[in-house]
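Close look at the chain arrangement
The lines below spell out each chain.
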Amino acid sequence: MTATILFVDDEPDLEALILQKFRRQIRDGKLALIFARDGLEALESLQLNPHVDMVVSDINMPRMDGLSLLAKLQEAEDKKSTIIVSAYGDMSNIRIAMNRGAFDFLTKPIDFADLETTIEKTIRHVEMLREVRRRQMEAERAYASLSRFFSPEIARRLAADVQGDGIEVHWRDVATLFTDITGFTSLVESAAPQTLGELLNEYFGGMTEIVFAHEGTVAKIIGDAIQVLFNAPGDQPNYATRAVACAHDLDAWAEDFSARWKARGVNFGTTRIGAHAGPALVGNFGGNRFFDYTAYGDTVNTAARLEAANKHLGTRICVSASVAKGAANFHGRPVGDLMLRGRSEPLRAFEPLLQAKFEAPATAQYSEAFAKMEAGDAAAMPAFAALVGMHADDPLAGFHLKRLLNGAKGTRMQLE
C-alpha cells in the first residue's frame, strides 16, 4: 500500500532533498510525495488529493503559517495526522502545535534519519486509524442490514461479531411475553389478501416498535403470536419491570389499532398478553445454516398458557407472581391460583393495572372480595355480586361470581 505525504514548506531546496532522501521508497511504491509552499496551497492540494495520509508542515511560512494550517486540518472531518517542523529554539510554538492536535514534531535542521523514523511511526498510526474506521463502517453497515430482521440487541451483537457471547445456547433467567389475537383464523379466511397484508404489516410493525422501545427482543412471530424476551441476550436487571411496562404499552396500542380498523369495517380481534419470569434455555437454535434466537423451557410454556388463560378470565393481560414480585412498584390485582396444562402445581396469577385503575375504589372492593374468597368466607359471593352490579364491565369480577355460583371454593381453578 502506498502512503501519500504532503510536505508544506517554503524553503526552495527542501523538495529536492526530500525526493532524494526517499527515492527508494518512492521507486518501490511505498511512498507518494506532494509539496506545497504555504498553508493556503496545502489546503488547495488537499482538496485535489483527499487521499493524503499525513502532513509534514513547517511553522513559519507566508500567507498561512503552520499553526493556522494545523487548526484548519483539525476542523476537517478526516483530521490528517500532522508532523510540525520548527526551529530547535521555538519550543513555545511546538508546544502550541501539540496542544492543537499535532501528532508529532521535528526540529530544524531536519535530521533525515529522525524524519524517516517519525514518518514510519505516523504511517503505522494512520493505518491503525484507517483499520478502526473500516471495521466501524463494516459494523455500521452490518447493523443497518441486520436490524431489518433482528431485534436491536441481537443485531448489535451479530454486527460486532461477538463470538457466541450471549448467542450460544445457555440457561438464563428471563421474562417472556406472549401475545395472541382473538378470532385471527376467521379474519384470515374472510379478509381480502391485500387488506390482510396491510393490516398485519401495520400490526406487527407497531407491536415490535413498542417492544424495541422497551429494549426487548422479539424471539418469534408465529402466525398472529409474538414471543418477546427480556434480559436476553443482554443483561437487564429490571427485566420484570420492563416486561410489565411493555405489556401495558402493547395492550394500549393494540386496542387503539383494533378500534381504527373496526372503523374501516374490519373486525380485528382483541390482543391477549401473558407473561412469566424464570429460567429458560436461550440462544441460537437454528443450527449451522439458519439463525433462530429464541427460548425454550417451562418459563416459556407458562407464559403461553397465561396468555391463553385470558380467554377464560375475561382479561387482556395476565402475569405470574414471579413477574409481579420482580417488577418495581407493581400495580395489579390477584387473579387466583391457576392449574395450567402441563404443570403439577398451581400458579398465582395477577392482572396488571394502570395506576389510575389500581387506585380506583373498585379495585379495593375487588381485593376485599378476593380475600374473602381465598379465606373460604361465604360473604365472598355477595361481595363479588355487589361489585358486578356496580361495575358490569369488570369481566374478572364476573368470572369469580360465576365460579362461586357454580359451587367453586377458594381461589384455585383448573384451566385448559
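Notes on the structure in this doc start here. (Residues numbered from 1 in each chain as written. Predicted model: local features only at pLDDT ≥ 70, side-chain atom pairs only at ≥ 80, totals over all residues. Heavy atoms only, no water.)

A separate point is the sheet that holds strand 1 (residues 3–8). Taken together, five strands build an open sheet; the order of strands is 2-1-3-4-5 and the sheet is parallel. At either margin of the open sheet sits one strand with a lone partner, and together these are strand 2 (31–36) and strand 5 (104–108). Strand-to-strand, the axes of this sheet are offset by a mean angle of 20°, without reference to chain direction. Bridge count between strand 1 and strand 3 (residues 54–58): four bridges; the pairing is parallel. Within the sheet, the bridge partner assigned to Leu6 lies in strand 3 and is Val55. Packing against the sheet, helix 3 (residues 39–48) makes contact with strand 1 and strand 2, and its axis sits at approximately 155° to strand 1. The strands touched by helix 5 (residues 91–99) are strand 4 (81–87) and strand 5; relative to strand 5, the strand with the most contacts, the crossing angle is about 160°. (Pairing = 2+ DSSP bridges. Helix = DSSP H or I, 4+ residues; strand = E, 2+ residues; numbered from the N terminus. Axes fitted to C-alpha atoms, helices over the stretch in contact; angles between N-to-C directions. Contact = heavy atoms within 4.5 Å.)

Under the criterion given, the structure shown has 22 salt bridges. One salt bridge connects Arg37 with Glu41, and the closest N-O pair in it is separated by 3.2 Å. Across the pair Asp256 and Arg260 runs a salt bridge whose closest N-O atoms are separated by 3.0 Å. A residue pair is termed a helical-turn pair when its members lie 3 or 4 positions apart in one helix, as Asp256 and Arg260 do in helix 10 (residues 239–262) at four residues. In the salt-bridge network here, residues are joined through shared partners; they are Asp9, Glu11, Asp58 and Lys108. (Salt bridge = Lys/Arg side-chain N within 4 Å of Asp/Glu carboxyl O.)

A few words on the packing of aromatic side chains. For the structure on display, the rule yields twelve aromatic pairs. Look at Trp253 and Phe257: their rings are 5.2 Å apart centre to centre, the planes differ by 15°, and that puts the pair in the stacked class. Residue Trp253 and its partner Phe257 are located together in helix 10, separated by four residues, close to a single helical turn. Each ring, one from Tyr366 and one from Phe370, has its centre 6.1 Å from the other, and the planes form 25°; the classification is stacked. Taken together, the residues span about one helical turn, with Tyr366 and Phe370 both in helix 14 (residues 361–374) at a distance of four residues. Residues Tyr366 and Phe370 agree in their burial class; the two are buried. (Phe/Tyr/Trp six-rings, centres within 6.5 Å; stacked < 30°, edge-to-face > 60°. Buried < 20%, exposed > 50% of the residue type's maximum accessible area, 1.4 Å probe, protein only.)

What follows concerns the packing of helix 14 against helix 15 (residues 380–390). It is at 8 Å that the axes of helix 14 and helix 15 come closest, and there the two elements cross at 155°. Taken together, the axes of helix 14 and helix 15 are roughly antiparallel relative to one another. Taken as a pair, helix 14 and helix 15 cross one another with a handedness that is left-handed. Facing Ala362, Gln365, Tyr366, Ala369, Phe370, Lys372 and Met373 of helix 14, the residues of helix 15 in contact are Ala380, Ala383, Phe384, Leu387 and Met390. Class assignment for the residues of the contact of helix 14 with helix 15 results in ten nonpolar, one polar and one charged. (Parallel < 35°, antiparallel > 145°, perpendicular 65-115°, else oblique. Left-handed = near helix turned anticlockwise from the far one by under 90°. Nonpolar A, V, L, I, M, F, W, Y, C, P; charged D, E, K, R; others polar.)

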